[in-house]
Amino acid sequence: KNFLDSVRILADKALSLDDQLADAYRTKGYYYREKGLNEQAIKEFDKALRYNPNDYLAYYNKGNVLRWGLGDYFQGIKNLHQAVIRNRGVDSPVYLRSLGYSYSDMGFWEKAKYYYTEALTLDRDSAIYFHLLARIEFNSENFGEAFKLEKRAWGFDTTRISFVGYLESSYYVPDSLNYEAYSI
């Protein structure tokens with residue numbers, strides 16, 4: 001808690017020296033996001049973008065606040081697209097997956113698969129790729145296929161605890177897979 005207040009104070013101090021410092025506005029956006037003040041966070045991210053229209057982190061965080069915090073998936077996705085367009089770094093797959101996740105949540109599963117595949121092309125992380133495909137199948141109520149894909153993800157990386165939740169959801173899968181689910 002004190003850390004967050006220090007962040008805001010330091011950002012305000014930086015802005016007192018240069019009121020066009022995009023990084024400071026983005027930092028204040030993080031602060032308000034963490035405090036649950038989503039509308040104020042959006043305002044700060046917008047200020048950051050006014051002074052640096054290529055700030056992919058501001059677009060990314062604004063997109064996340066819009067979709068998760070305010071439930072505006074359309075504007076959230078619009079901002080996530082802007083983040084993806086502007087980021088060409090090693091962390092690009094993170095942004096591509098986030099965009100895919102948003103499409104998946106809205107039921108646009110083919111669009112989600114497209115962005116998941118783009119991320120896979122860049123970082124070759126097959127475990128998370130199959131996990132995300134399993135999530136799509138799970139949300140489509142194709143539980144047997146979800147289980148098979150999650151098992152495939154688990155085969156690539158048994159250290160990712162997030163995969164276990166889908167494997168443990170074996171009561172959704174056909175009886176023929178229940179024994180296999182419990183034995184993993």
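All of these numbers come straight from a predicted model, not from anything done at the bench.

Before going further, it helps to examine the overall build of the protein chain. Along its length, the protein chain carries eleven helices and zero strands. The order of α-helices and β-strands along the protein chain, N terminus first, is α-α-α-α-α-α-α-α-α-α-α. With 184 residues in all, the protein chain has 45% of them scored as buried. Put simply, 44% of the contacts in the protein chain that link residues at least 6 apart link residues at least 24 apart. When the accessible surface of the protein chain is summed, it comes to about 10200 Å², and 53% of that surface belongs to carbon and sulfur atoms.

Applying the stated criterion across every chain, the model contains 13 aromatic pairs. Summarising the aromatic geometry, the rings of Tyr31 and Tyr32 are spaced 5.0 Å apart at their centres and angled 75 degrees between planes, so their arrangement reads as edge-to-face. Taken together through their ring pairs, the aromatic side chains of Tyr103, Phe108, Tyr114 and Tyr115 make up a single cluster. Against the face of Tyr101 rests Arg135, its NZ or CZ located 3.7 Å from the ring centre.

Moving on, we come to helix 5 (residues 73–86). Taking 1.5 Å per residue as the helical rise, helix 5 with its 14 residues ought to reach 20 Å, and the 20 Å between its terminal C-alpha atoms agrees with that figure. Residues of helix 5 that are buried: Gly76, Ile77, Asn79, Leu80, Ala83 and Val84. On an axial view of helix 5, the arc spanned by its buried residues comes to 165 degrees, and they lie on one face.

Once that is clear, we can look at helix 9 (residues 143–156). Three or four residues apart is the spacing at which side chains of an α-helix point the same way, because the helix has 3.6 residues per turn. With 14 residues, helix 9 should cover 20 Å at 1.5 Å per step; its first-to-last C-alpha distance of 20 Å lies within 8% of that length. The set of residues buried in helix 9 consists of Gly144, Ala146, Phe147, Leu149, Glu150 and Ala153.

Judged by nonpolar contacts, the single largest core of 39 residues is most densely connected at Leu99, Tyr103, Tyr116, Tyr129, Phe130 and Leu133. Looking at this core element by element, the count peaks at seven residues for helix 8 (residues 126–139). The residues contacting Leu99, other than those within four sequence positions of it, are Ile77, Leu80, His81, Val84 and Tyr115.

At their nearest, the axes of helix 6 (residues 92–105) and helix 7 (residues 109–123) sit 7 Å apart, and the two run at 165 degrees to each other. Taken together, the axes of helix 6 and helix 7 are roughly antiparallel relative to one another. For the pair helix 6 and helix 7, the crossing hand works out as left-handed. On the side of helix 6, the interface is formed by Ser92, Pro93, Leu96, Arg97, Leu99, Gly100, Tyr101, Tyr103 and Ser104, while helix 7 contributes Trp109, Lys111, Ala112, Tyr115, Tyr116, Glu118, Ala119, Leu120, Leu122 and Asp123.

Another point: the environment of Lys111. Within the element layout of this structure, Lys111 appears in helix 7. What makes Lys111 partly exposed here is its relative accessible area of 38%. Remark: the alpha-carbon pair of Lys111 and Tyr101, spanning ten residues in sequence, is separated by 9.5 Å.

Summed over the entire model, instances satisfying the criterion amount to eleven salt bridges. Here Arg26 ties to Asp55 by a salt bridge, and the two come within 2.8 Å at their closest N and O atoms. Of the two residues, Arg26 is situated in helix 2 (residues 22–34) and Asp55 in the loop between helix 3 (38–51) and helix 4 (56–69); the sequence distance between them amounts to 29 residues. Look at Asp55 and you get buried, because its relative accessible area is 5%. Here Arg135 and Asp105 are joined by a salt bridge, their closest N and O atoms 2.6 Å apart. Placement of the pair is Arg135 in helix 8 and Asp105 in helix 6, with a sequence separation of 30 residues. The network of salt bridges with common partners includes Arg8, Asp12 and Lys28.

Cut-offs used in this document
- Residues numbered from 1 in each chain as written.
- Predicted model: local features only at pLDDT ≥ 70, side-chain atom pairs only at ≥ 80, totals over all residues.
- Heavy atoms only, no water.
- Helix = DSSP H or I, 4+ residues; strand = E, 2+ residues; numbered from the N terminus.
- Buried < 20%, exposed > 50% of the residue type's maximum accessible area, 1.4 Å probe, protein only.
- Contact = heavy atoms within 4.5 Å.
- Areas by Shrake-Rupley, 256 points an atom, 1.4 Å probe, with all protein chains shown as cover.
- Phe/Tyr/Trp six-rings, centres within 6.5 Å; stacked < 30°, edge-to-face > 60°.
- Lys NZ or Arg CZ within 6 Å of the ring centre and 35° of its normal.
- Expected span 1.5 Å × (residues − 1).
- Arc of directions from axis to C-beta.
- Core = buried A, V, L, I, M, F, W, Y, C linked by side-chain atoms within 4.5 Å.
- Axes fitted to C-alpha atoms, helices over the stretch in contact; angles between N-to-C directions.
- Parallel < 35°, antiparallel > 145°, perpendicular 65-115°, else oblique.
- Left-handed = near helix turned anticlockwise from the far one by under 90°.
- Salt bridge = Lys/Arg side-chain N within 4 Å of Asp/Glu carboxyl O.

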